[in-house]
Amino acid sequence: MTQPPSPAIRFLRLDGNTDLPIPTYATAGAAGFDLRAAVPAGEPTVLLPGQRLLVPVGFAVALPPGLEMQVRPRSGLAVNHGVTVLNSPGTVDCDYRGPLAVCLINLGSEPFPIRRGDRIAQAIIAPAPQYPLVEAESLDATERGEGGFGSTGLS
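Definitions and cut-offs
- Residues numbered from 1 in each chain as written.
- Predicted model: local features only at pLDDT ≥ 70, side-chain atom pairs only at ≥ 80, totals over all residues.
- Heavy atoms only, no water.
- Helix = DSSP H or I, 4+ residues; strand = E, 2+ residues; numbered from the N terminus.
- Phe/Tyr/Trp six-rings, centres within 6.5 Å; stacked < 30°, edge-to-face > 60°.
- Buried < 20%, exposed > 50% of the residue type's maximum accessible area, 1.4 Å probe, protein only.
- Pairing = 2+ DSSP bridges.
- Axes fitted to C-alpha atoms, helices over the stretch in contact; angles between N-to-C directions.
- UniProt positions renumbered as here; feature names shortened; annotations may be inferred.
- Contact = heavy atoms within 4.5 Å.
- Polar contact = N/O pair within 3.5 Å; in protein donor to acceptor, adjacent residues only side chain to side chain.
- Lys, Arg positive; Asp, Glu negative; His and termini not counted.
- Salt bridge = Lys/Arg side-chain N within 4 Å of Asp/Glu carboxyl O.
- Core = buried A, V, L, I, M, F, W, Y, C linked by side-chain atoms within 4.5 Å.

Q: When you look at unusual backbone geometry in this model, what are you seeing that I'm missing?
A: The bulk of non-glycine residues show a negative phi, and the bulk of peptide bonds are trans. Here the bond from Ser 88 into Pro 89 is cis, since omega is -10°, no more than 30 degrees from zero. The residue Pro 89 is located in the loop between β7 (83-85) and β8 (90-92) in this model.

What follows is the structure, given as structure tokens:
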């Protein structure tokens, strides 16, 4: 069974970013593609411990209706430096056409340098259907019921 072709995700390079490559998948099996820092060239931008910073990526995007772009941390930055995406996963809606940026936070103990072109996050394209939202008089009963955070245990 063949699948229909995937819709193209179109990226618009913003002024002053001709040196940055368009976002790409690093390998044939990669679920996400890398987003790179569009910080000024030269001295690195330093993300101090505990600091959060909105880092531009140098592009805008056009997503087809019914899709979202999820911005997620890169595992190596999180494990090795404590740097992660603060609002993870961040969502880019299909009707947004402005500049893309990543909200990074340094949860590590050392300052983290960000250089122009560094891979700072990854993005995944995912379905985002809209469903009817309605008010109800009551909800159906389930085994879990109203059990909240931690109610199902650890094992």
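Now that the structure is up, let's keep going.
Q: Is there a simple way to think about the packing of aromatic side chains in this case?
A: The relative placement of two aromatic rings is captured by the distance of their centres and the angle of their planes. Evaluation of the coordinates by the stated rule reveals three aromatic pairs. Residues Phe 11 and Phe 59 carry aromatic rings whose centres are separated by 6.2 Å and whose planes lie at 80° to one another, so their mutual orientation is edge-to-face. With Phe 11 in strand β1 (residues 10-13) and Phe 59 in strand β5 (residues 59-62), the pair connects residues that are 48 residues apart, well separated along the chain. Phe 11 gets classed as buried once you look at its relative accessible area, which sits at 18%. Seen in terms of ring centroids, Tyr 25 and Phe 33 are 5.4 Å apart; in terms of plane orientation they differ by 85°. Their pairing is edge-to-face.

Q: Looking at this structure, I do not really get the sheet that holds strand β9 (residues 101-106). What am I missing?
A: The pairing of strands in a sheet happens through backbone hydrogen bonds and is either parallel or antiparallel. Within the open sheet, the three strands sit side by side as β4-β9-β7. Their pairing is antiparallel. Edge positions in the sheet fall to β4 (52-56) and β7, since each has one partner strand and no second. Geometrically, the sheet is characterised by an average inter-axis angle of 35° between neighbouring strands, direction not taken into account. Note that β4 and β9 share five bridges and pair antiparallel. Looking at the pairing, Leu 54 lines up with Cys 103 of β9.

Q: Sorry, what's going on with the UniProt feature "binding site: substrate" (unreviewed entry) in the protein chain here?
A: Sequence positions flagged by UniProt for "binding site: substrate" (unreviewed entry) are, in local numbering, Arg 74, Ser 75, Gly 76, Asn 87, Thr 91, Val 92 and Asp 93. Across 20 residues of sequence, these annotated residues are also dispersed in space, with a maximum C-alpha separation of 26.4 Å. Among the secondary structure elements, Thr 91 is positioned in strand β8. Those residues within four positions of Thr 91 in sequence are excluded, and the remaining contacts are Glu 68 and Met 69. A polar side-chain atom of Thr 91 sits 3.0 Å from a polar atom in the side chain of Glu 68. Tracing the chain through its elements places Val 92 in strand β8. Look at Val 92 and you get buried, because its relative accessible area is 9%.

Q: Explain the side chain of Glu 68 to me, please; I cannot follow it from the model alone.
A: Relative to the helices and strands, Glu 68 is located in strand β6 (residues 67-72). Buried charge without a partner: Glu 68 forms no salt bridge, and the closest opposite charge is Arg 72, 7.1 Å away. There is a polar contact of 2.9 Å between the side chain of Glu 68 and the side chain of Gln 70. Ignoring sequence-local partners within four residues, the contact set of Glu 68 consists of Leu 63, Thr 91, Val 92, Ile 124, Ile 125, Ala 126, Pro 127 and Ala 128.

Q: What am I meant to see in the nonpolar core here?
A: Looking at soluble globular proteins, one finds that nonpolar side chains tend to be buried together. In terms of nonpolar packing, the biggest core is built from 27 residues, with Leu 35, Met 69, Val 102, Leu 104, Ile 114 and Ile 120 touching the most fellow members. Those elements that provide at least two residues to this core are β2 (33-36), β5, β6, β7, β9, β10 (112-114) and β11 (119-127). The element best represented in this core is β11, accounting for three residues. Not counting the four nearest positions on each side in its chain, Leu 104 is found in contact with Leu 47, Gln 51, Arg 52, Leu 53, Val 55, Val 83, Thr 84, Val 85, Ile 114 and Ile 120.

Q: What is the right way to read the pattern of salt bridges from this model?
A: Should the charged atoms of two oppositely charged side chains come close, the side chains can pair. A complete count under the given rule lists three salt bridges for this structure. Among the salt bridges present, the one from Arg 74 reaches Asp 34, with a minimum N-O distance of 3.4 Å. With Arg 74 in the loop between β6 and α1 (75-81) and Asp 34 in strand β2, this residue pair connects regions lying 40 residues apart in the sequence. The residues Arg 74 and Asp 34 share a single accessibility class, namely buried. Measuring nitrogen to oxygen at the nearest pair gives 3.2 Å for the salt bridge that ties Asp 34 to Arg 119. On the criterion of sequence distance, the pair formed by Asp 34 in strand β2 and Arg 119 in strand β11 is long-range, its members being 85 residues apart. Taking relative accessible area as the criterion, Arg 119 reaches 36% and is therefore assigned partly exposed. Overlapping salt bridges, with partners in common, bring together Asp 34, Arg 74 and Arg 119 in one network.

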